[in-house]
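# Inside the fold
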Amino acid sequence: LYFFLILSFRICHVSSTYHLVPVIKSTWGSSLPHIVYFSDRADDDIPTVDSGVPNKERGHCAKTFAILQHFSKIVGVTPPQSDFFSWLLIVDDDTLVHLYTQILQIFEVFVDINDIHFQIIIGERYGYGFSTSGSSGYDYPTGGSGYMVFSVSAVRTIVSECECPTEDSPDDMIIGVCARRTGIVVVHSAAFHQARHIDYPEARLLPISFHKFEDIDPLGVYMTYLHEHPTTHNEEKSEL
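Everything numeric here is computed off the predicted structure, so don't read it as measured data.

Let's shift gears to the state of the cysteines. Applying the stated criterion to the full structure yields two disulfides. A disulfide bridge connects C61 with C164, and the sulfur atoms are separated by 2.1 Å. Here the S-S torsion is close to -90 degrees, and the disulfide linking C61 with C164 is therefore left-handed. Remark: C164 occurs in the loop between α6 (152–161) and α7 (171–182) and C61 occurs in helix α3 (residues 61–75); sequence separation between them is 103 residues. Of the residues examined, C61 reaches a relative accessible area of 0% and is grouped as buried. Through a disulfide, C162 is tied to C178; the S-S separation comes to 1.9 Å. Handedness of the C162-C178 disulfide follows from its S-S torsion of about 75 degrees: it is right-handed. Of this pair, C162 sits in the loop between α6 and α7 while C178 sits in helix α7, and the two are 16 residues apart along the sequence. For the protein, the disulfide bridges join cysteines in the arrangement 1-3, 2-4, where the cysteines are counted in sequence order.

This brings us to α6. The periodicity of an α-helix, 3.6 residues per turn, causes residues three or four places apart in sequence to face the same way. Taken residue by residue, α6 has V152, S153, A154, V155, T157 and I158 as its buried positions. Along its buried surface, α6 packs onto α3, β4 (87–92), β6 (120–123), β9 (147–151) and α7.

This part is about the pattern of salt bridges. What the rule picks out here adds up to two salt bridges. D94 is the salt-bridge partner of K212, the closest N and O atoms lying 3.9 Å from each other. One end of the pair, K212, is in the loop between β11 (209–211) and α8 (218–226); the other, D94, is in the loop between β4 and β5 (95–97), with 118 residues separating them in the sequence. We classify K212 as partly exposed; its relative accessible area is 35%. By relative accessible area, D94 is classed as buried at 13%. The closest approach of N and O atoms between D199 and R196, which form a salt bridge, is 3.0 Å. Among the residues examined, D199 registers a relative accessible area of 39% and is labelled partly exposed.

The next thing to look at is the confidence of the model for the protein. Chain-level pLDDT for the protein is 78 on average; 75% of the residues reach the 70-or-more range. Averaged pLDDT values over the elements of the protein bottom out at 29 in helix α1 (residues 2–9) and peak at 96 in α7.

Each value, and the rule that gives it
Residues numbered from 1 in each chain as written. Predicted model: local features only at pLDDT ≥ 70, side-chain atom pairs only at ≥ 80, totals over all residues. Heavy atoms only, no water. Disulfide = S-S within 2.5 Å. Helix = DSSP H or I, 4+ residues; strand = E, 2+ residues; numbered from the N terminus. Buried < 20%, exposed > 50% of the residue type's maximum accessible area, 1.4 Å probe, protein only. Contact = heavy atoms within 4.5 Å. Salt bridge = Lys/Arg side-chain N within 4 Å of Asp/Glu carboxyl O. pLDDT = per-residue confidence, 0-100.

Quick look at the structure:
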């Protein structure tokens, strides 16, 4: 029951999105009670939150940090609100997500240490600059997969201890440097995919996410690979 409640009610989801919102709203976004859409401008019709950061051709550090700061303020408003959210998901506007069975399996690993003090980031983990001894270099959750998951404590640490060198610095690598310096754990899952479903062998597909919508039917892909019937969740809830 604890995990079911986390996924249904205790995740604040933030998407840095604008023009692909209808796809998100008609697929996985409809199952989240707390979702905020970030853009470079406010739009009451969606609605979006103005990040205060103009779009960049490369590097999204300032925008990602604006999202982290926004979430940190939300969970810090009152003690009840702070207890309500356990995880922050940052997802690109062209990403399809599986929110239940696959990601539950990852969360279950951390059941005994899922508290407000545990600092963790989950995603497709890359490494940069490692020496053969491992004494230098760092892990980072690649933004190329379109999807990163943060514990509340990790968000607070990043916001309070780290900053972007420039607005267009690579957000994922700056987060990795910050994680290495502050002791945040970066956990890898191969179920986060950087590309479309057709770019992988069928036998490999136990997905949490797919990234990019070019030349595919995103709704069809979602229903085939990522959607679960509501009765599945009810059965899982009863078992837990």
